[in-house]
Amino acid sequence: DVYFGSLIASGSGSLSGILISHFGVNNVEVGYYTLATLLASPLALVPNIIATVHFKKFASSAKIETNLTLTMLLISVILFLMIIFLARFIIIFSFGKDYLNAVEILKYLSVGYILYGIGDYYNRFLLAKGRGKELRNASFYVGITLLLSNIIFIKFLGGQGAAIARIASGLTYTVVILFYYKKALR
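Just so you know, these numbers come straight off a predicted model, no measurement behind them.

Participant: For this particular structure, what's the right way to read the overall build of the protein chain?
Facilitator: A count of helical and extended segments in the protein chain gives 7 helices and 0 strands. Counting from the amino terminus, helix and strand elements in the protein chain follow one another as α-α-α-α-α-α-α. Across the 186 residues that make up the protein chain, the buried fraction comes to 46%. Once local pairs closer than 6 in sequence are excluded, the contacts in the protein chain between residues at least 24 apart make up 82%.

Participant: Quick question: what am I supposed to make of helix H3 (residues 42–53) here?
Facilitator: In an α-helix there are 3.6 residues to a turn, and that puts residues three or four apart on one side. Here H3 spans 17 Å end to end across 12 residues, near enough to the 16 Å set by a 1.5 Å rise per residue. Along H3, the residues classified as buried are Leu43, Ala44, Val46, Pro47, Asn48, Ile50 and Ala51. The inward-facing, buried residues of H3 contact helix H2 (28–40), helix H4 (55–60), helix H5 (66–95) and helix H6 (102–128).

Participant: Can you walk me through the packing of aromatic side chains in this structure?
Facilitator: To describe a pair of aromatic rings, one takes the distance between the centres and the angle between the planes. This structure, assessed with the given rule, holds 11 aromatic pairs. Pairing phenylalanine 58 with phenylalanine 125 gives two aromatic rings, centres 5.6 Å apart and planes at 65°, and the pair type is edge-to-face. Placement of the pair is phenylalanine 58 in helix H4 and phenylalanine 125 in helix H6, with a sequence separation of 67 residues. Among the residues examined, phenylalanine 125 registers a relative accessible area of 1% and is labelled buried. Pairwise contacts between aromatic rings join Phe58, Tyr121, Tyr122, Phe125 and Tyr181 into one cluster.

Participant: It is not clear to me how the environment of tyrosine 116 should be interpreted in this structure. Could you clarify?
Facilitator: Relative to the helices and strands, tyrosine 116 is located in helix H6. Linking tyrosine 116 and threonine 172, residues 56 residues apart in sequence, is a C-alpha distance of 9.2 Å. Aside from chain neighbours lying at most four places away, what touches tyrosine 116 is Ala44, Val142, Leu146, Arg166, Ser169, Gly170, Tyr173 and Thr174.

Participant: So what exactly am I meant to see when it comes to the nonpolar core here?
Facilitator: Nonpolar side chains in soluble globular proteins tend to be buried together. Counting 48 residues, the largest nonpolar core has Ile64, Leu109 and Tyr121 as its most contacted members. Elements that contribute at least two residues to this core include exactly helix H1 (2–23), H2, H3, H5, H6 and helix H7 (132–185). Aside from chain neighbours lying at most four places away, what touches isoleucine 64 is Phe58, Thr69, Tyr121, Tyr122, Phe125 and Tyr181.

Participant: For this particular structure, what's the right way to read the packing of H6 against H7?
Facilitator: Each pair of packed helices can be summarised by the angle the axes make with each other and by the distance between the axes. Two numbers describe how H6 lies on H7: the axes approach to 9 Å, and their chain directions differ by 20°. The orientation of H6 relative to H7 falls into the category roughly parallel. In this structure, the crossing between H6 and H7 has a hand that is left-handed. Classifying every residue of the contact of H6 with H7 gives 25 nonpolar, 8 polar and 3 charged.

Participant: Help me understand the pattern of salt bridges, please; the structure alone is not making it clear to me.
Facilitator: Side-chain pairs of opposite charge can arise whenever the charged atoms involved come near each other. What the rule picks out here adds up to 3 salt bridges. Residue glutamate 65 pairs with lysine 57 through a salt bridge whose shortest N-O separation is 3.2 Å. With its nearest N and O atoms 3.4 Å apart, the salt bridge here joins arginine 131 to glutamate 134.

Thresholds applied
- Position numbers for residues start from 1 in each chain and track the written sequence from start to end.
- Reporting in this predicted model follows two pLDDT cut-offs: at least 70 for local features of residues, and 80 or more for side-chain atom pairs to be given and counted; totals over whole chains, interfaces and linings ignore these cut-offs and use all residues.
- With hydrogens and water excluded, all non-hydrogen atoms of the structure serve as input to the side-chain values.
- Numbering of helices and strands starts at the N terminus; helices are DSSP runs of H or I of at least 4 residues and strands are runs of E of at least 2.
- In this scheme, a residue with accessible area under 20% of its type's maximum is buried, one over 50% is exposed, and one in between is partly exposed, where area comes from a 1.4 Å probe on protein chains only.
- The contact rule is simple, with two residues in contact once any of their heavy atoms fall within 4.5 Å.
- Take the residue count of a helix, subtract one, and multiply by 1.5 Å to get its expected span.
- Aromatic rings from Phe, Tyr and Trp, taking only the six-membered ring of Trp, are treated as a pair when their centres fall within 6.5 Å; an angle between ring planes under 30 degrees marks them as stacked, one over 60 as edge-to-face, and anything in between as tilted.
- Take the buried Ala, Val, Leu, Ile, Met, Phe, Trp, Tyr and Cys residues and link them wherever side-chain atoms come within 4.5 Å; each set so joined is a nonpolar core.
- Interaxial angle, 0 to 180 degrees, is taken between N-to-C directions of lines fitted to C-alpha atoms, where a helix line uses only the stretch in contact.
- Put simply, angles under 35 degrees are roughly parallel, angles over 145 are roughly antiparallel, angles from 65 to 115 are roughly perpendicular, and the rest are oblique.
- Handedness of a crossing is defined here by the sense of rotation of the near helix relative to the far one, left-handed for an anticlockwise turn of less than a right angle and right-handed for a clockwise turn.
- For this classification, the nonpolar set comprises Ala, Val, Leu, Ile, Met, Phe, Trp, Tyr, Cys and Pro, the charged set comprises Asp, Glu, Lys and Arg, and every other residue, Gly included, is treated as polar.
- The salt bridge criterion pairs a side-chain nitrogen of Lys or Arg with a carboxyl oxygen of Asp or Glu, the two atoms within 4 Å.

Have a look at this one:
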């Protein structure tokens with residue numbers, strides 16, 4: 001169940017670049033989006049890593065410790081703020097002024113990837129509890145939301161639209177996973 005759901009969510013995520021190319025103004029936006037994705041995607045890793053390290057503990061605990069969640073959120077917010085404030089400098093320094101259009105996309109994608117990271121954090125708890133069907137269902141919701149949001153937003157906003165679609169799907173993912181987490185606590 002988990003792997004099939006992941007296939008749906010990952011597949012729809014991989015379509016973003018193709019949809020930007022198809023619906024966007026030009027293919028340059030695909031490059032900006034890809035660059036922004038490269039810089040923002042590590043934000044999803046921090047909560048994921050913290051949860052993976054505590055996976056064994058999750059299997060035997062009734063809920064996630066509040067202190068662990070606060071630590072994860074604090075680290076995530078600090079890294080998010082660093083990316084937001086340093087985005088312009090990082091892109092100019094690493095790639096040059098020609099790539100400054102990626103900065104706005106990076107800011108939106110950073111929000112989306114933070115949301116995905118938070119969802120992954122609770123996802124690991126559910127995985128440790130053997131809630132594969134719920135995780136599969138969450139992946140379906142995420143995949144469908146991302147695909148539909150991409151089609152709608154890319155038509156009007158190009159690469160920024162794809163980043164906004166990532167926020168919409170990240171929010172969907174987090175809300176659905178939190179719903180299943182709360183349900184598992186009962």
